[in-house]
Amino acid sequence: MSGEEEENAAELKIGDEFLKAKCLMNCEVSLILEHKFEQLQQVSEDPMNQVSQVFEKSLQYVKRFSRYKNPDAVRQVREILSRHQLTEFELCVLGNLCPETVEEAVAMIPSVKTKGRAHNDAAIQKMLDDLSLVKRFE
């Protein structure tokens, strides 16, 4: 290679531009696209004429794979995950995939348990329990 490290999401080697970028969970993208679709419905008698196929497919995708539908639940999820010193990438992966156990979370995002971070098994389980509560009462 040309002196650059190979990218590896498991170790959070995803490039500076991604580490600094604001990421959105599927449920957040769904809220944004639904709002845009509602705006299009208000200005057009046939909003489907105003919507590209990419927009329509993107909306279908995020609606299908969003774990949280209620806007208040979406805000709570981001708030809960933001308390845990996670990168945006880690936050979004956890919010999108909703692991139920510490083992699942670490398998999906090994970087969540790297040295020098306050993420022991108990802290990770607490975070997962908090997310589960939001989902249960949504």
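Since the structure is predicted, the reported quantities are computational estimates derived from the model, not experimental observations.

(A) Highlighting the overall build of the chain. Counting its secondary structure elements, the chain contains 7 helices and 0 strands. Starting at the N terminus and walking to the C terminus, you meet the elements of the chain as α-α-α-α-α-α-α. Put simply, the chain has 138 residues, and 34% of those count as buried. A fraction of 63% describes how many contacts in the chain between residues 6 or more apart in sequence connect residues 24 or more apart. Total accessible area computed for the chain in this model is approximately 9,100 Å², and 51% of it derives from carbon and sulfur atoms.

(B) Quick look at the nonpolar core. Ranked by internal contacts, the top residues of the largest apolar core, which has 23 residues, are Met25, Tyr68, Val77, Leu81, Leu86, Leu94 and Ile124. Elements with a contribution of two residues or more to this core: helix 4 (71-82), helix 5 (88-97), helix 6 (102-108) and helix 7 (121-136). Setting aside chain neighbours within four positions, we find valine 77 in contact with Met25, Tyr68, Gly95, Leu131 and Val134. Counting 7 residues, the second largest nonpolar core, distinct from the first, contains Phe37, Leu40, Leu59 and Val62.

(C) Structural detail: the side chain of asparagine 26. By the element assignment, asparagine 26 lies in helix 2 (residues 26-43). Of the residues examined, asparagine 26 reaches a relative accessible area of 15% and is grouped as buried. Apart from residues no more than four positions distant in its own chain, asparagine 26 is found in contact with Tyr61, Val62, Phe65, Ser66 and Asn96.

(D) Main features of the environment of alanine 21. Topologically, alanine 21 is positioned in the loop between helix 1 (16-19) and helix 2. In this structure, the C-alpha to C-alpha distance between alanine 21 and threonine 87, residues 66 residues apart in sequence, is 9.6 Å.

(E) Structural context of the packing of aromatic side chains. Under the counting rule described, the total for this entry stands at 1 aromatic pair. Look at tyrosine 61 and phenylalanine 65: their rings are 4.8 Å apart centre to centre, the planes differ by 45 degrees, and that puts the pair in the tilted class. Of the two residues, tyrosine 61 and phenylalanine 65 both sit in helix 3 (residues 53-65), 4 residues apart, roughly one turn of that helix. By relative accessible area, phenylalanine 65 is classed as partly exposed at 37%.

(F) Spatial organisation of helix 4. Between its first and last C-alpha atoms helix 4 spans 17 Å; for 12 residues at 1.5 Å apiece the expected length is 16 Å, and the two agree. Here helix 4 has its buried residues at Ala73, Val74, Val77, Arg78, Ile80 and Leu81. For helix 4, the buried positions fall inside an angular range of 165 degrees around the axis, keeping them on one side. The inward-facing, buried residues of helix 4 abut helix 2, helix 5 and helix 7. Measuring from the backbone nitrogen of aspartate 72 back to the side-chain oxygen at the start of helix 4 gives 2.6 Å, which picks out asparagine 70 as the cap.

(G) Structural view of the packing of helix 4 against helix 7. Running from N to C, helix 4 and helix 7 cross one another at 175 degrees; their axes reach a closest spacing of 10 Å. It follows that helix 4 is roughly antiparallel to helix 7 by the angle criterion. Residues Ala73, Gln76, Val77, Ile80 and Leu81 of helix 4 form the contact with helix 7, whose participating residues are Met127, Asp130, Leu131 and Val134. Residues belonging to the contact of helix 4 with helix 7 are distributed by class as follows: 7 nonpolar, 1 polar and 1 charged.

Cut-offs and rules
- Along each chain, numbering runs from 1 in the same order as the chain's sequence is written.
- Per-residue local features are limited, in this predicted model, to residues with pLDDT of at least 70; the limit for side-chain atom pairs, both in listing and counting, is 80 or more; totals at the level of whole chains, interfaces and linings are taken over all residues.
- Hydrogens are left out, water is left out, and the side-chain values use all remaining heavy atoms of the structure.
- Put simply, DSSP H or I for four residues or longer makes a helix, DSSP E for two residues or longer makes a strand, and each gets a number counted from the N terminus.
- Relative accessibility thresholds used throughout: buried, under 20% of the residue-type maximum; exposed, over 50%; partly exposed, between the two (1.4 Å probe, protein chains only).
- Contacts: residue pairs with any heavy atoms within 4.5 Å of one another.
- The protein chains shown are the only cover counted for residues, whose accessible areas, like all others here, come from Shrake-Rupley with a 1.4 Å probe.
- In these notes, a set of buried Ala, Val, Leu, Ile, Met, Phe, Trp, Tyr and Cys residues joined through side-chain atoms within 4.5 Å is what counts as a nonpolar core.
- Each pair of aromatic rings taken from Phe, Tyr and Trp, with Trp reduced to its six-membered ring, is defined by centres within 6.5 Å and is described as stacked if the planes are under 30 degrees apart, edge-to-face if over 60, and tilted in the remaining cases.
- Any helix carries an expected span of 1.5 Å times its number of residues minus one.
- Think of it as the arc spanned by the lines of direction from the helix axis to the C-beta atoms.
- A 3.5 Å cut-off defines polar contacts: any pair of N or O atoms within that distance qualifies, except that in protein one atom must be a possible hydrogen donor and the other a possible acceptor, and neighbouring residues in sequence count only when both atoms are side-chain atoms.
- Axes, fitted as lines to C-alpha atoms, cover a helix only where it is in contact. Angles between the N-to-C directions of the axes lie from 0 to 180 degrees.
- Each angle gets one of four labels, with under 35 degrees taken as roughly parallel, over 145 as roughly antiparallel, 65 to 115 as roughly perpendicular, and the rest as oblique.
- Residues are grouped as follows: Ala, Val, Leu, Ile, Met, Phe, Trp, Tyr, Cys and Pro are nonpolar; Asp, Glu, Lys and Arg are charged; every other residue, Gly included, is polar.

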